[in-house]
Amino acid sequence: MQENQTIQLGTLTINKLTFFKVWVSLFHAVGIVGLALPISKPIFQQLTPFHLLMSTGLLMYFHRGWNLSFIGFSALAFFTGMISEIVGVQTGLIFGDYYYGTVLGTKIWGVPLIIGLNWFLLVYLTGEWLHGKIENHWIAAASGALLMVGIDFVIEPVAISLGFWTWTSEAIPLENYLGWFFIALVLQVAYRHFHFKKQNRLSAFLLLNLILFFAILSVIL
């Protein structure tokens, strides 16, 4: 298996899974410091899309369920996330009135492409973590959706502070979290019903790092 292979660093032999876990932790730690310091904050804001791309790339490196069903699920998660966000930005429906800043890269109809990838990443991470823990598909899907809403709750103040997106209202509307739950629930149901191997040994570790990353930033920013 890929994760049981080793990497040779001079005279040191390291298990690949261990190596990339250390890499993920260091990358998130550097990101926290870079975003916390005023002198480096603008640079690290612009590096956010690269952060998401790297995290997704590493996750896919350890993915074992490559088939047409997984490709279909990935496309569904990406495009569902993008379309719901486009509708949200353009109409104020689903999530409330908000708009994206410039730091997340190329946009389509006001929504950065990286946001579609972020939807896929969060559904994959939360769905994989719950897979095998809860047998009932609907309870598992609802639990995954609630977990995604909780992650969004942690991300929101950090994202606003870093200029990822801006709400037109003073407070984040309840509609945002209800919309997140509904879209997340649809995608969690899809995750449970698409047939591909749902085992990724980096997934839980990456999910933990992501939550800690935004939780720490929410305190220090």
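For the structure itself, consult the block above.
Right, let's walk through the structure included here. Quick caveat: nothing in here was measured; it's all calculated off a predicted structure. (Residues numbered from 1 in each chain as written. Predicted model: local features only at pLDDT ≥ 70, side-chain atom pairs only at ≥ 80, totals over all residues. Heavy atoms only, no water.)

Thoughts on the environment of Phe164
(1) Moving on: Residue placement: Phe164 occurs in the loop between helix H6 (137–161) and strand E6 (165–167).
(2) Moving on: Relative accessible area serves as the criterion here: at 6%, Phe164 is assigned to the buried category.
(3) Moving on: Those residues in contact with Phe164, other than ones at most four positions away along the chain, are Thr48, Tyr100, Gly101, Val103, Leu104 and Ala159. (Helix = DSSP H or I, 4+ residues; strand = E, 2+ residues; numbered from the N terminus. Buried < 20%, exposed > 50% of the residue type's maximum accessible area, 1.4 Å probe, protein only. Contact = heavy atoms within 4.5 Å.)

Description of the layout of surface pockets
Gaps between atoms show up when a probe of the same size as a water molecule is rolled over them.
(1) Moving on: Put simply, the largest pocket is a space of about 450 Å³.
(2) Moving on: Forming the boundary of the largest pocket are 27 residues, of which Thr48, His51, Leu52, Phe213 and Phe214 lie nearest the centre.
(3) Moving on: Elements represented by at least two residues in the lining of the largest pocket include exactly helix H1 (16–36), helix H3 (48–61), helix H5 (113–130), H6 and helix H8 (203–220).
(4) Moving on: Looking at the lining of the largest pocket, its residues break down into 21 nonpolar, six polar and no charged. (1 Å grid on protein atoms, 1.4 Å probe; cavity = no way out; pocket = protein on both sides within 12 Å on 5 of 7 lines; lining within 4 Å. Points joined across faces, edges and corners; volume = space filled by probe spheres on them. Nonpolar A, V, L, I, M, F, W, Y, C, P; charged D, E, K, R; others polar.)

Re empty space enclosed by the protein
(1) Moving on: Scanning the entire structure with this criterion turns up two cavities of 30 Å³ or more.
(2) Moving on: Empty space within the largest cavity amounts to approximately 140 Å³.
(3) Moving on: Considering the residues around the largest cavity, the lining is formed by 14 residues, among which Glu85, Tyr100, Asp152, Trp165 and Trp180 are closest to the centre.
(4) Moving on: Only strand E3 (98–100), H5, H6, E6 and helix H7 (174–193) provide two or more residues apiece to the lining of the largest cavity.
(5) Moving on: Taken together, the residues of the lining of the largest cavity break down into nine nonpolar, two polar and three charged.

Things to note about H8
(1) Moving on: In this model, H8 (18 residues) spans 26 Å end to end at C-alpha, consistent with the 26 Å of a helix rising 1.5 Å per residue.
(2) Moving on: The set of residues buried in H8 consists of Ser203, Leu206, Leu207, Asn209, Leu210, Phe213, Phe214 and Leu217. Down the axis of H8, the buried set is contained in an arc of 165°. They therefore lie on one face.
(3) Moving on: Against the buried residues of H8 lie H1, H3, H5 and H6. (Expected span 1.5 Å × (residues − 1). Arc of directions from axis to C-beta.)

Focus: the environment of Asn209
(1) Moving on: Along the polypeptide, Asn209 turns up in helix H8.
(2) Moving on: A C-alpha to C-alpha distance of 25 Å links Asn209 and Ile172, two positions 37 residues apart in sequence.
(3) Moving on: What Asn209 contacts, discounting residues up to four positions off in sequence, is Val24, Ser25 and His28.
(4) Moving on: For Asn209, the side chain forms a polar contact with the side chain of Ser25, separated by 3.5 Å. (Polar contact = N/O pair within 3.5 Å; in protein donor to acceptor, adjacent residues only side chain to side chain.)

Re the nonpolar core
(1) Moving on: In this structure, Phe73, Tyr100, Ile115, Trp119, Phe120 and Trp165 are the most contacted members of the largest nonpolar core, which totals 59 residues.
(2) Moving on: Of all the elements, H5 adds the most residues to this core, at 10 residues.
(3) Moving on: Contacts of Trp119, omitting those with residues within four sequence positions, involve Ala77, Gly81, Glu85, Phe95, Met148, Trp180, Ile183, Ala184 and Leu187. (Core = buried A, V, L, I, M, F, W, Y, C linked by side-chain atoms within 4.5 Å.)

Remarks on the packing of aromatic side chains
(1) Moving on: For the structure on display, the rule yields 26 aromatic pairs.
(2) Moving on: With centroids separated by 5.8 Å and ring planes inclined at 80°, the aromatic side chains of Phe20 and Phe62 adopt a geometry described as edge-to-face. Taken together, the positions of Phe20 in helix H1 and Phe62 in the loop between H3 and helix H4 (68–91) put the pair 42 residues apart, joining distant regions of the chain. Accessibility classification places Phe20 together with Phe62 in one group, the buried group.
(3) Moving on: Taken together, a centroid distance of 5.6 Å and an interplanar angle of 85° make the contact between Tyr191 and Phe196 edge-to-face. Each member of the pair, Tyr191 as well as Phe196, is classed as buried. (Phe/Tyr/Trp six-rings, centres within 6.5 Å; stacked < 30°, edge-to-face > 60°.)

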